[in-house]
2 protein chains.
Amino acid sequence: MENKIKIGIVGYGNLGRGAEASIMQQPDMELVAVFTRRNPECVQVLNSNVKVLHIEEAVNYTEDIDVMLICGGSATDLPEQVPHFANLFNTVDSFDTHAKIPEFFASVDKPAKESGKTSIISVGWDPGMFSINRVLSEALLPVGETYTFWGKGLSQGHSDAVRRVEGVKNGVQYTIPSEKVIEQVRNGEHPAGSKTDRHVRECYIVAEEGADQEKIEHTIKTMPNYFDEYETTVHFISEQELKSDHSAMPHGGFVIRSGQTGEGNNQIIEYSLKLDSNPEFTASVLTAYARAAYRLNKEGQTGAKTVYDVAPGYISPKSAEELRRDYL
Amino acid sequence: MENKIKIGIVGYGNLGRGAEASIMQQPDMELVAVFTRRNPECVQVLNSNVKVLHIEEAVNYTEDIDVMLICGGSATDLPEQVPHFANLFNTVDSFDTHAKIPEFFASVDKPAKESGKTSIISVGWDPGMFSINRVLSEALLPVGETYTFWGKGLSQGHSDAVRRVEGVKNGVQYTIPSEKVIEQVRNGEHPAGSKTDRHVRECYIVAEEGADQEKIEHTIKTMPNYFDEYETTVHFISEQELKSDHSAMPHGGFVIRSGQTGEGNNQIIEYSLKLDSNPEFTASVLTAYARAAYRLNKEGQTGAKTVYDVAPGYISPKSAEELRRDYL
């Protein structure tokens, strides 16, 4: 077996911790160090043998790390960190602000090309595995419709939004796809309506003592962009219930292509995920694509890439011969 | 828009006809000619403007055809035809004898490399899309189990087998996956048992007049390799019922990866197909991969390839910029 691929992690929140756990499962990788903006002494990693260093020390590790997993948030961390590290390392990130992907791509492509490194951007499940399935299934069935459903899952952005409402002490939000619409799509029907008709939102709120619950509920249900166009339900619960019943981070969803071939034959392609832990799964995707970044770079394919540029064999630890013999 | 990709079809059975229908749906392709071993005058194609030529004339079309879809059977046609045509054209085929793929790959790789052509072998849904999903999901979730279920679908090989039984005038066989086992897998359980426990077989038989139905049923149920290890039911029906209720060619199936990350979080990835027409869908996959064969060849990537070597973007008619902007 060739030498292991040496990985670094930048950022140690839920995603970074998931990445550490995922690297332990990969037969051909080892974790060199975790880099953090916090005081390294205050960061508790899963494997106590792993170095925890301040993010400014990363620059000294360009010879020791093959691929850096950038595990920050899309709002402010990644737009700043990925172009910076693409100049020093092969990188993988999970940038997920769909509308800003072209701009982000360009900002990473330039430093990566200049330094001769390879950066795979926007890796995870959406963008990521769902994106692959949208493109493959539309290419296979050009006549048809693609439907993406999200959930049942905890939405970080919407949970943050409800927690900012006056009188809310704590809370979470679940996105739930409409079972009825999913069944219609699976049966080859083409239900009308946008994504707002295909999902409902469910909030579990801990109110501050003496807060006006009716007002909280009204504020949430009418919140522009986040809730006003959705069917939303609000449940008030205790802090204890929130902790015991709503501290996991499940998520998932469905990409369904409903197409027609020949003289009106229906053909349905469905890809779905049912995840107990959203950050651990996203991290597992980053880790597998680190293998691809490493290999593409060895081949001289530098610059920014997306999941669309990566052949399936590149993310597997098996050789091309093994894949043909045992998996095809 | 660049010039259309010029396609040829070798073999005009169910798969070849499906390929013709699929090319009509692709915005960037045109069908140049159908090549057949039969008398071309006796072959009725869907679009009467398409040339039908004898297979021996193909050699005169090397300048006019970018990619040849080889639509013969895996038993005898493809092992002979694909190495032959790989010397003249970029090719795509649906070779599906899993155990013989390494040997078939080698037999195609050599002539394709010598002629500077690109051949994508074993394309379809299994091998093909199911193969991709087995590899991607195992790479993402290295700790876990992959389950492939086939059906409900008409199995060509098993239908041929029942038709060879003495006293059988006509008949079809459906492979049906066990709903109970699928549910167990979806719930993160790991049911024991092999693929014979996960599928049942259902036969619809038209007996010859005066034939011994009990004997037919016994012969089918005890047929080695095909039926003896499966739970099999046999229904006797009239020729008319067979024609009206069992002349479609539906198929489909499921690839489910049930994995664990971190401290025992279950993560389920499921890919499924529900196909009204198996040959039309398989043909649609061939057609989309013809685009990849064309592009890989333009880039100088010659020789035999499989779906594991093809990045998702290569089978889409959209540009890399469009994919990043609209699909990621």
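Quantities reported herein were computed from a predicted structural model and do not represent experimental measurements. (Residues numbered from 1 in each chain as written. Chains lettered and ligands numbered in written order. Predicted model: local features only at pLDDT ≥ 70, side-chain atom pairs only at ≥ 80, totals over all residues. Heavy atoms only, no water.)

*Asks:* A description of the pairing of strand β13 (residues 265-275) of chain B should follow, citing residues and the corresponding values.
*Replies:* The side chains of a regular strand alternate, first on one face of the sheet and then on the other. Taking burial as the measure, the 11 residues of β13 of chain B include eight buried ones, the bulk of the element. Alignment of strand β13 (residues 265-275) of chain A against β13 of chain B, held across nine bridges, turns out to be antiparallel. Bridging from a neighbouring strand, Lys-274 of chain A pairs with Ile-268 of chain B of β13 of chain B. When strand β12 (residues 251-261) of chain B meets β13 of chain B, the two strands line up antiparallel, connected through 11 bridges. Across the sheet, Ser-258 of chain B pairs through a bridge with Ile-268 of chain B, a residue of β13 of chain B. Here β12 of chain B folds back onto β13 of chain B in antiparallel fashion, the turn holding three residues, of which Gly-262 of chain B has a positive phi close to 55 degrees. (Buried < 20%, exposed > 50% of the residue type's maximum accessible area, 1.4 Å probe, protein only. Helix = DSSP H or I, 4+ residues; strand = E, 2+ residues; numbered from the N terminus. Pairing = 2+ DSSP bridges.)

*Asks:* Go over the packing of aromatic side chains, please, and point to the residues and values.
*Replies:* All names here are of chain A. Within this structure, the stated rule accounts for 12 aromatic pairs over all chains. Ring geometry for Phe-130 and Tyr-271: centres 6.1 Å apart, planes at 85 degrees, overall edge-to-face. Of this pair, Phe-130 sits in helix α4 (residues 129-140) while Tyr-271 sits in strand β13, and the two are 141 residues apart along the sequence. With a relative accessible area of 0%, Phe-130 lands in the buried category. The exposure class assigned to Tyr-271 is buried, which follows from its relative accessible area of 3%. (Phe/Tyr/Trp six-rings, centres within 6.5 Å; stacked < 30°, edge-to-face > 60°.)

*Asks:* With reference to specific residues and values, describe the state of the cysteines.
*Replies:* Residues and elements named next belong to chain A. Under the definition given, this model contains zero disulfides over all chains. You can see Cys-42 has no disulfide; the closest cysteine sulfur is in Cys-71, sitting 20 Å from it. By relative accessible area, Cys-42 is classed as exposed at 57%. (Disulfide = S-S within 2.5 Å.)

*Asks:* Before we move on, can you summarise the relation of the copies chain A and chain B with the specific residues and values?
*Replies:* Laying chain A over chain B is done by rotating through 180 degrees and shifting 0.0 Å along the axis; what remains is an RMSD of 0.1 Å. Within this description, the copies of the chain are treated as partners about a two-fold rotation axis. Relative to the rotation axis, the C-alpha of Ala-311 of chain A is the closest in chain A, positioned 1.8 Å from it. (Least-squares fit on C-alpha atoms with pLDDT ≥ 70 in both.)

*Asks:* Describe the interface of chain A and chain B, listing the residues and the values that go with them.
*Replies:* Facing the 63 residues of chain A at the interface are 63 residues of chain B. Across the contact surface, chain A and chain B share zero salt bridges. Scanning the region where chain A abuts chain B turns up 37 residue pairs in polar contact (both at pLDDT 80 or more). Listing elements by their share of the side of chain A that touches chain B, those giving two or more residues are α1 (14-25), α3 (101-115), α4, β12 (251-261), β13, α10 (278-298) and α11 (320-326) of chain A. No other element matches the 11 residues that β13 of chain A contributes to the side of chain A that touches chain B. In the side of chain A that touches chain B, the residues fall into 31 nonpolar, 19 polar and 13 charged. (Contact = heavy atoms within 4.5 Å. Salt bridge = Lys/Arg side-chain N within 4 Å of Asp/Glu carboxyl O. Polar contact = N/O pair within 3.5 Å; in protein donor to acceptor, adjacent residues only side chain to side chain. Nonpolar A, V, L, I, M, F, W, Y, C, P; charged D, E, K, R; others polar.)

*Asks:* Account for the UniProt feature "domain: Meso-diaminopimelate D-dehydrogenase C-terminal" (unreviewed entry) in chain A, with residues named and values stated.
*Replies:* As annotated in UniProt, the feature "domain: Meso-diaminopimelate D-dehydrogenase C-terminal" (unreviewed entry) corresponds to residues 124-277 of chain A in the numbering used here. Taken end to end, residues 124-277 of chain A is 31% helix and 36% strand, and its two terminal C-alpha atoms sit 13 Å from one another. (UniProt positions renumbered as here; feature names shortened; annotations may be inferred.)

*Asks:* Hey, could you go over the side chain of Asp-93 of chain B for me, with residue numbers and the actual values?
*Replies:* Looking at the element boundaries, Asp-93 of chain B is found in strand β5 (residues 90-93). Arg-324 of chain A provides the closest opposite charge to the buried, salt-bridge-free Asp-93 of chain B, at an N-O distance of 12 Å. (Lys, Arg positive; Asp, Glu negative; His and termini not counted.)

*Asks:* Can you tell me about the nonpolar core, naming the residues and giving the values?
*Replies:* As a rule of thumb, nonpolar side chains are buried together in soluble globular proteins. Residues Tyr-289 of chain A together with Tyr-289 of chain B are the most contacted members of the largest nonpolar core, which totals 156 residues. Beyond its immediate stretch of four places on either side in the chain, Tyr-289 of chain A contacts Val-92, Ile-120, Val-123, Met-129, Ile-132, Val-307, Val-310 and Ile-315 of chain A. Counting residues in each nonpolar core, the second largest holds 12 residues, with Ala-161, Ile-216, Ile-220 and Phe-227 of chain B among its members. (Core = buried A, V, L, I, M, F, W, Y, C linked by side-chain atoms within 4.5 Å.)

*Asks:* Explain unusual backbone geometry to me, using residue names and the numbers behind them.
*Replies:* Residues Gly-151 of chain A and Lys-152 of chain A are joined by a peptide bond in cis, for which omega reads -5 degrees. Positionally, Lys-152 of chain A belongs in the loop between β7 (144-150) and β8 (153-154). In this structure, Asn-225 of chain A takes a positive phi of about 70 degrees despite not being glycine. With respect to the secondary-structure elements, Asn-225 of chain A resides in the loop between α8 (213-221) and β11 (231-236). Unlike most non-glycine residues, Ser-122 of chain B shows phi in positive territory, near 55 degrees. One can find Ser-122 of chain B in the loop between β6 (118-120) and α4 (129-140).

*Asks:* Can you lay out the packing of α1 of chain A against α10 of chain A for me, pointing to particular residues and giving the numbers?
*Replies:* Residues and elements named next belong to chain A. The geometry of α1 relative to α10 is characterised by a closest axis approach of 7 Å and an angle of 60 degrees between their N-to-C directions. As judged from the angle between their axes, α1 and α10 are oblique. As for the relative orientation of α1 and α10, their crossing is right-handed in sense. Contacts from Asn-14, Leu-15, Gly-18, Ala-19, Ser-22 and Ile-23 of α1 reach α10 at Pro-279, Glu-280, Thr-282, Ala-283, Ser-284, Leu-286 and Thr-287. The residue inventory of the contact of α1 with α10, partitioned by class, reads six nonpolar, six polar and one charged. (Axes fitted to C-alpha atoms, helices over the stretch in contact; angles between N-to-C directions. Parallel < 35°, antiparallel > 145°, perpendicular 65-115°, else oblique. Left-handed = near helix turned anticlockwise from the far one by under 90°.)

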